[in-house]
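So the chains spell out like this:
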Amino acid sequence: MSEKQKLEEKWISWGPVHPASGQMRVLFQTDGENLLDLIPDIGFTHRGIEKVCEFRTIISAIPSVEKICILDASNVDLGFVKAMEELLNIRVPEKAKLLRTFMCELNRITSHLYWTSLMGAVAGFYTVLMWAINERELFLDLGAMLSKTRVSYIYIVPGGVRYDVPEGFKEKAFEILDYFEGRLKTLYDMFFNNKLFEMRTKGVGVLKKKDAIRLGAAGPTLRGSGVKMDVRKDEPYAAYEEVDFEIPVGERGDAYDRCMVRYKEMRESVKIMKQVLEMLPSGRVKVKTPWILPPGEAFSRVESARGEINFYVVSKRGANPYRVKIATPSFKNLSLLRHISKGSLVADLPILVFSLDPFPLDSDR
Amino acid sequence: MSVVVRTLKPLCLAFTHMFRRVFTIKYPFQAPVIEDDYRGRIQFFPERCISCGICESVCPTAAIKLVEVKELEGFSEVKKFKKPQLDFGRCCFCNFCVDYCPSEALKSTWLVELAEYEKSKLTYTPYKLSKQPERPKLLPKPKLVKLEISKVRGAGHAPLKKERGKK
Amino acid sequence: MSPDLWSLIWDILQSKLFLELVFIPGIAFIALFTVIVVWAERKILARVMMRYGPLHVGKVAGILQTIADTLKLLFKEFIPPRRAHKAAYYLTPVFVASVPTLALTAIPFSKDWVVFPSDLGLLIAFAVFALSPLLAMITGWACNNRYTVIGSLRVIFQDVAAEIPLLLSALGVVMLSGSFNLVNIVESQRRLWFAFLQPLGALVFFIALIGEIERVPFDIPTAEQELVFGWKTEYGGILFGLLMFGEYITFAAGTLLFVTLYLGGYLGPSFLPPMAWILIKMGILVFLLILIRGAYPRLRIDQLLSIGWKWLIPLAILNVLVTMDLIYFYPWILGG
């Protein structure tokens, strides 16, 4: 028996070809129903985007950078663009800032809705899968009005945003947002407040506040453990300084708290989007940008739907950056999986994984 | 008591949602309205092209290549110059070529149904690229639908009143 | 052929047993139930999820979708795992599909329409129910796969948690009617259905029944999110079809049993035949169970066990005690 076979004898694979796993694998050992140990195994979708960026100009790198986490395209895009703007020393028009905020929050909602659907699916609750995907469709339509495409927005570019607000956008956006607020309440009654769902997630995968900080959790996972940390508040970018919103936090740090944090974040996002629409001034949305990067380095922090995403860009004068380093939130969160799985059952495994909201493409880059 | 409510409410919601509007679009028979400036197939206007090559250099996926146009291929006025040829197998529909074209010779259109049986057919020569977008003949002519939101029956897709000629 | 043989065949064709075996609750009923319920389940769940569900096969609302799917399954190749026990692998689906039909033989569809009239009809039904986890365990073991083994172990756990409250809650009904004979049980509900006399027992029976027939929220043995497809993982083609068929027959038997025990079985106003009443009541129950599938997530095995042992069994015992007291202090409740 070869070494590989021995490993496979000992460990049971959950993925990468599995109804619920996504493009990643979790190897686990069981004693009956009890999980003894597990190893998150990522890297099935590595595309080398850091290297790709070195061969692209600042504009043409954006479609690739977005594909780090296509569910959350605008937030990732903004992180990259922020670093570039710091290097180029560009001031962005006010309207563009607001539109960036709008697009990022729209993406946060679509990403969280996608997660809701997946969370429903791994709990064996396919109704929620369909409902959440339906609501996501409304926001994809809204995003398509603004950026002229449904998923791969490429909306935020150095110097501003690409397209101005189309006619009738504000009314449409308010209609969809008002409708979505009602649907969110229904989703709460159906899913988040469902007694059976609470039973499935409460007390599962507890991540204490101390451990969350020590192990470097990010985003809703960190906030679910009670740490009130959000880049949007701590180091405001785009127009987050001007809008009023709260940071929801959990108490116990279990899977249920993480889910509730994401649910409350969706409500806050709707609030932000409404404020932005009210504030929208007239004016330019884009300023002209130089193509050649000056020598230097830049670092940017952006709160994406899955947590803080960091870009570190080094430039040695040229059209392309010399080096781009990307730290993604899914990678940070997936490394917690082994810690939070202690004392869980096999049936908890999908719940544990998806309560962290990992996106394998995000963790692989 | 709240436990009973929290357990039975989803059941009631499931029942009431049976009478809400269906969200699905019956795709090949129905299709959503796509705006004219959607980022779909690129249309090329050869008379405006100045053969500068910006589209080629800005393309992130190297889908655009400038090729020499022969006279026989359809363009009688413009010859000798190089014109863009677009490989939709590589294109990521970012529309940077449209944005950065100095003479507005490229324009994005509503056509998104670009599938072909052969990969070579996805390479659009300048002549093919300059044609009007046309829905593939293989698909049935769909009824156009539009998103509608009502508080009572929920969101859904309702058929458009008047048909548009070109789609 | 001699006239004797013809008359014999004619007699067989005319006999009630033949009608029972072929139509209700025999082959025709089972086949039709499966076809319609699979379609109805997909359609109802689709409406709950705001989709269309089956739409194209069979012109009207995709009603022939199940038949098309069955045909597809018939022509599919099945690939047995290399290390599987071949005989068990091929044989168990046949048993899984055929054994639950035995439970239907005990159910009365009208006063004199029972395939196997027996004074111990209720026990026969329960005995058949008790057989199915054994088959599931053999199936899971025969496939020699880690997912199927975990799945089949879960079947056993689940059965222990669900079967005991099921029997205990049915005891109340037996005490009230004074008989294990299902016809007698139905007949003693002429005054009032047992669902109203025994609301607690009916509730316990209903929850335990969902666990017994392995439907959401208790479809733990086939949890596809963690166990791919539980003890059915390695099956494909028509063998998988047979397993699904068996599942739906168990579904039919379970709902019919609940209707017989608590909802007055075939009783109802006389403008419809008794057989129609039992089918209507069953249809409503099936609809409710499908709706439940659309409204809840799956529970964990330890939660099912704690529900079974900490809630259902004590409640069922309480129900038995209350029923005893009722019968002792208020004998008029028995009627008569």
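Peer 1: Tell me about the sheet that holds strand β8 (residues 323-327) of chain A, and please be specific about residues and values.
Peer 2: All names here are of chain A. In spatial order, the strands read β6-β7-β8; together these three strands make up an open sheet with antiparallel pairing. With one partner strand each, in any of the chains shown, β6 (296-304) and β8 form the two edges of the open sheet. The sheet shows a mean angle of 10 degrees between the axes of neighbouring strands, taken without regard to direction. Where strand β7 (residues 307-315) and β8 come together, five bridges link them in antiparallel fashion. Within the sheet, the bridge partner assigned to N310 lies in β8 and is A327. Seen against the sheet, helix α4 (residues 73-88) touches β6, β7 and β8 and runs at an angle of roughly 155 degrees to β6.

Peer 1: Break down α4(A) for me, with residues and values.
Peer 2: Owing to its 3.6 residues per turn, the α-helix brings residues three or four apart onto one side. All names here are of chain A. For α4, spanning 16 residues, the distance from its first C-alpha to its last is 22 Å, which sits close to the expected 22 Å at 1.5 Å a residue. For α4, a buried count of 14 out of 16 residues is recorded, marking the element as mostly surrounded by other parts of the structure. Immediately beyond the C-terminal end of α4, within one or two residues, lies N89, with a positive phi of roughly 60 degrees.

Peer 1: Before we move on, could you go through the environment of I62(A) and cite the residues and values that matter?
Peer 2: All names here are of chain A. The topology assignment puts I62 in helix α3 (residues 62-66). Take I62: its relative accessible area is 0%, and that puts it in the buried class. Counting along the chain gives 92 residues from I62 to I154, while the straight-line C-alpha distance between them is 6.6 Å. Ignoring sequence-local partners within four residues, the contact set of I62 consists of D77, F80, V81, I154, I156, V157 and P158.

Peer 1: Go over the side chain of T260(C) with me, naming the residues and quoting the values.
Peer 2: Residues and elements named next belong to chain C. In this fold, T260 is placed in helix α12 (residues 237-262). Among the residues examined, T260 registers a relative accessible area of 0% and is labelled buried. Here the side chain of T260 touches L256 through a polar contact of 2.6 Å, landing on its backbone oxygen. Once residues within four sequence positions are removed from consideration, T260 is found in contact with I107, P108, L182, I185, V186, Q189, G265 and I278.

Peer 1: Any chance you could break down empty space enclosed by the protein for me, citing the residues and the numbers?
Peer 2: Residues and elements named next belong to chain C. All told, the structure shown has seven cavities of 30 Å³ or more when counted by the stated rule. By volume, the largest cavity is sized at about 240 Å³. If you go around the largest cavity, you meet 20 residues; those closest to its centre are S132, E212, E214, W231 and T250. Taken together, the elements giving at least two residues each to the lining of the largest cavity come down to α5 (86-104), α6 (121-143), α7 (146-177), α10 (199-212) and α12. Here the residues of the lining of the largest cavity sort into 10 nonpolar, five polar and five charged.

Peer 1: Pulling in residues and values, what's your account of the interface of chain B and chain A?
Peer 2: In many analyses, interface size is given as the accessible surface area lost on bringing the parts together. The interface of chain B with chain A comprises 27 residues on the first partner and 37 residues on the second. In this assembly, chain B packs against chain A so that about 2800 Å² is buried in total across both faces, 58% of it on carbon and sulfur atoms. It is R6(B), R39(B) and I149(B) that lose the most area in chain B upon contact with chain A, and together they represent 24% of the buried surface on that side. Our enumeration of links across chain B and chain A arrives at four salt bridges. Residue D37(B) is joined to K148(A) by a salt bridge in which the shortest nitrogen-to-oxygen separation is 3.3 Å. Counting the contacts that link chain B with chain A gives 16 residue pairs in polar contact (both at pLDDT 80 or more). For the side of chain B that touches chain A, the secondary-structure elements that each account for two or more residues are α1 (2-17), α3 (96-100), β7 (143-150) and β8 (154-159) of chain B. With eight residues, α1(B) is the single largest residue contributor to the side of chain B that touches chain A. Of the residues assigned to the side of chain B that touches chain A, the class counts are 15 nonpolar, five polar and seven charged.

Parameters at a glance
Residues numbered from 1 in each chain as written. Chains lettered and ligands numbered in written order. Predicted model: local features only at pLDDT ≥ 70, side-chain atom pairs only at ≥ 80, totals over all residues. Heavy atoms only, no water. Pairing = 2+ DSSP bridges. Helix = DSSP H or I, 4+ residues; strand = E, 2+ residues; numbered from the N terminus. Axes fitted to C-alpha atoms, helices over the stretch in contact; angles between N-to-C directions. Contact = heavy atoms within 4.5 Å. Expected span 1.5 Å × (residues − 1). Buried < 20%, exposed > 50% of the residue type's maximum accessible area, 1.4 Å probe, protein only. Polar contact = N/O pair within 3.5 Å; in protein donor to acceptor, adjacent residues only side chain to side chain. 1 Å grid on protein atoms, 1.4 Å probe; cavity = no way out; pocket = protein on both sides within 12 Å on 5 of 7 lines; lining within 4 Å. Points joined across faces, edges and corners; volume = space filled by probe spheres on them. Nonpolar A, V, L, I, M, F, W, Y, C, P; charged D, E, K, R; others polar. Buried area = accessible area lost by both parts, 1.4 Å probe. Salt bridge = Lys/Arg side-chain N within 4 Å of Asp/Glu carboxyl O.

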